[in-house]
Amino acid sequence: RVSRANAELFPMAGAWSAAVMMAVLVDVAVAEIDPRFAVNITVYHVNSFEDGVVPVDMDTSSLAGDIFFDLRTVVLPIECSSPYAWAGDCENEEITGRDEVISKLVLEVDSRFGEYARCNFCPNGTDPFSGLSCEAGEYFCTCGPYDAAYECREKAVGRENITQEFGGFACSWDQFVVAPWRCWSLNVWRKTGGEWYSTLANGLCPGEDCTWRVVAVEKVVDKNCSDDAIFSVVERTDPNRCFETCGLRRNTSSNCWIGCFYQTVLGPKAMLPLPLDGFQAEGMSLDDLAAAWAAPFDSDDPRQGGCPPHPDSSLFQDPDHAAARLAAAASRSPATPPLMRY
């Protein structure tokens, strides 16, 4: 399975003539974003490698936003075996997919941000977040409230503030009694903050009034490697030797290990229901968490928390392949207005 936006990466570059390839390279290199509003942002994205790393109809995040996303997923072995599980978590291909990678990219974007689009992989013809029909095997983006979502095809790069979006959610004592793990993930926003971004095909450069383009794919790493490096940092930071009670070997699916993880990262008070205001998560500092999350991209040496580049990721630094990829994505950018679905 290869997403349409990233299809035929390998054969396209070889099939195109040198003249056509050069024309595409020139087109891709031209910045069509209004220079008055053009800014570069560094973003991170988790997905299956076979879906490609150019985030067409996908969501990306700041470093803090990526930490938020990842921290919330640590609880999934407990959540997804519970009758209180949410399908949006447990059926999310960017969490449960094969050959998952994390990409660090630099994007040039139009800073006149719009509504954030919830872009997710469509596993079986139905979007697990909105319930709308979607094309299986492709990414699908929705806007609007969850109970009145519609497919969005906006040009503007969407942005969502994690604290503003998730800061209104709190774990109650009633919830804690039946599903205490909900408090752990619901309290993550207190620690991280951060931003999420959405980049839709309609805004991809080159194109009229385009709003975003890829400046650089800085590094693509295997998510298992990144997770291992991060988990090791958290385990070493544990001030109460909690992980030692979980056995000699790391088992990230065990209630014991997951509980120790959140207690170390957020502090023991954040394991319980908390008021929305007046409490800041304790535990590890955000600076220490950011250093752990950045280390896989800053070094290739596992002794320094680093990860080697994905074996095939060098292709994304090749301008011919990058040009073919972007041209393929641009060729399918829809020219129709947003389709409203209720």
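Whatever comes next refers back to the structure up there.
Treat the numbers as computed from the prediction; the structure is a model and nothing was measured. (Residues numbered from 1 in each chain as written. Predicted model: local features only at pLDDT ≥ 70, side-chain atom pairs only at ≥ 80, totals over all residues. Heavy atoms only, no water.)

**Topic: the overall build of the protein**
Assigned secondary structure in the protein consists of 14 helices and nine strands. Long-range pairs, those at least 24 residues apart, make up 75% of the contacts in the protein with a sequence separation of at least 6. (Helix = DSSP H or I, 4+ residues; strand = E, 2+ residues; numbered from the N terminus. Contact = heavy atoms within 4.5 Å.)

**A look at unusual backbone geometry**
Between C205 and P206 the backbone carries a cis peptide bond, its omega angle lying at 0°. If you trace the backbone, P206 turns up in the loop between β8 (195-199) and β9 (212-222). One non-glycine residue, D57, lies in the positive phi region at around 55°. The exposure class of D57 is buried, given its relative accessible area of 13%. Residue R241 is not a glycine yet carries a positive backbone phi of 55°. (Buried < 20%, exposed > 50% of the residue type's maximum accessible area, 1.4 Å probe, protein only.)

**Observations concerning a nonpolar patch on the surface**
On the surface, Y84, V177 and V178 cluster together into a nonpolar patch covering about 290 Å² of accessible area. Here V178 is to be found in helix α8 (residues 173-178). For V178, a relative accessible area of 45% translates into the label partly exposed. (Patch = residues over 30% accessible without salt bridge, like charges linked within 9 Å, V, L, I, M, F, W, Y side chains within 5 Å. Areas by Shrake-Rupley, 256 points an atom, 1.4 Å probe, with all protein chains shown as cover. Salt bridge = Lys/Arg side-chain N within 4 Å of Asp/Glu carboxyl O.)

**So, the nonpolar core**
As a rule of thumb, nonpolar side chains are buried together in soluble globular proteins. Judged by nonpolar contacts, the single largest core of 46 residues is most densely connected at W184, I258, F261, Y262 and V265. Contributions of two or more residues to this core are made by β1 (38-48), α3 (63-73), α4 (76-79), α7 (162-166), α9 (181-186), α11 (223-237), α12 (255-266) and α13 (286-298). A total of seven residues in this core trace back to one element, the largest contributor, which is α12. Core analysis: the second largest hydrophobic core is formed by 18 residues, V43, V56, L204 and V220 among them. (Core = buried A, V, L, I, M, F, W, Y, C linked by side-chain atoms within 4.5 Å.)

**A word on the sheet that holds strand β6 (residues 150-151)**
One open sheet accounts for three strands, arranged β4-β5-β6; its pairing is antiparallel. Each edge of the open sheet carries a strand with a single partner, namely β4 (118-121) and β6. Across four bridges, the pairing between β4 and strand β5 (residues 139-143) is antiparallel. Bridged to C119 within β5 is C141. (Pairing = 2+ DSSP bridges.)

**Digging into the pairing of β5**
The buried fraction of β5 amounts to five of the five residues, a majority that puts the element mostly inside the structure. Examined bridge by bridge, β5 and β6 share two bridges and lie antiparallel to one another. Its bridge partner being in β6, T142 is matched across the sheet by E151. In this antiparallel pair of consecutive strands, β5 and β6, the connection spans six residues, and G144 shows a positive phi of 85°.

**As for the pattern of salt bridges**
Any two side chains of opposite charge can pair, so long as their charged atoms come close to each other. Applying the stated criterion across every chain yields a total of 12 salt bridges. The partner of E244 in a salt bridge is R241, and the shortest N-O contact between them spans 3.0 Å. This pair shows no difference in class: E244 is exposed, exactly as R241 is. Counted as one network, the salt bridges with shared partners bring together D228, E235 and R250.

**Some points on the packing of aromatic side chains**
Within the structure shown, the criterion is met by 14 aromatic pairs. A centroid spacing of 5.4 Å and a plane angle of 80° characterise the contact between W173 and F176, whose relative ring orientation is edge-to-face. Highlighted residues: W173 and F176, both in helix α8, separated by three residues, approximately one helical turn. In this structure F176 comes out as partly exposed when scored by relative accessible area, which is 21%. (Phe/Tyr/Trp six-rings, centres within 6.5 Å; stacked < 30°, edge-to-face > 60°.)

**Details of the packing of α3 against α12**
The geometry of α3 relative to α12 is characterised by a closest axis approach of 11 Å and an angle of 150° between their N-to-C directions. Here L71, R72 and T73 of α3 come into contact with α12, specifically with F261, Y262 and V265. A class-by-class count of the residues in the contact of α3 with α12 yields four nonpolar, one polar and one charged. (Axes fitted to C-alpha atoms, helices over the stretch in contact; angles between N-to-C directions. Nonpolar A, V, L, I, M, F, W, Y, C, P; charged D, E, K, R; others polar.)

**Observations regarding the state of the cysteines**
In the structure shown here, the tally under the stated rule is eight disulfides. Residue C122 pairs covalently with C134 via a disulfide, S to S 2.1 Å. Residues C122 and C134 share a disulfide whose torsion about the S-S bond is about 80°; that sign makes it right-handed. Pair noted here: C122 is in the loop between β4 and β5 and C134 is in the loop between β4 and β5, with a separation of 12 residues, a long-range link. Residue class for C134 comes out buried when judged on its relative accessible area of 12%. The disulfide partner of C225 is C307, and the gap between their sulfur atoms is 2.1 Å. An S-S torsion of about -105° defines the bridge between C225 and C307 as left-handed. Here C225, found in helix α11, pairs with C307, found in the loop between α13 and α14 (319-331); they are 82 residues apart in sequence, far enough to count as distant. (Disulfide = S-S within 2.5 Å.)

**Regarding the side chain of T142**
Mapped onto the fold, T142 is located in strand β5. Among all residues touching T142, those that are not within four sequence positions of it are Y116, A117, R118, D127, S130, L132, A149, Y150, E151 and C152.

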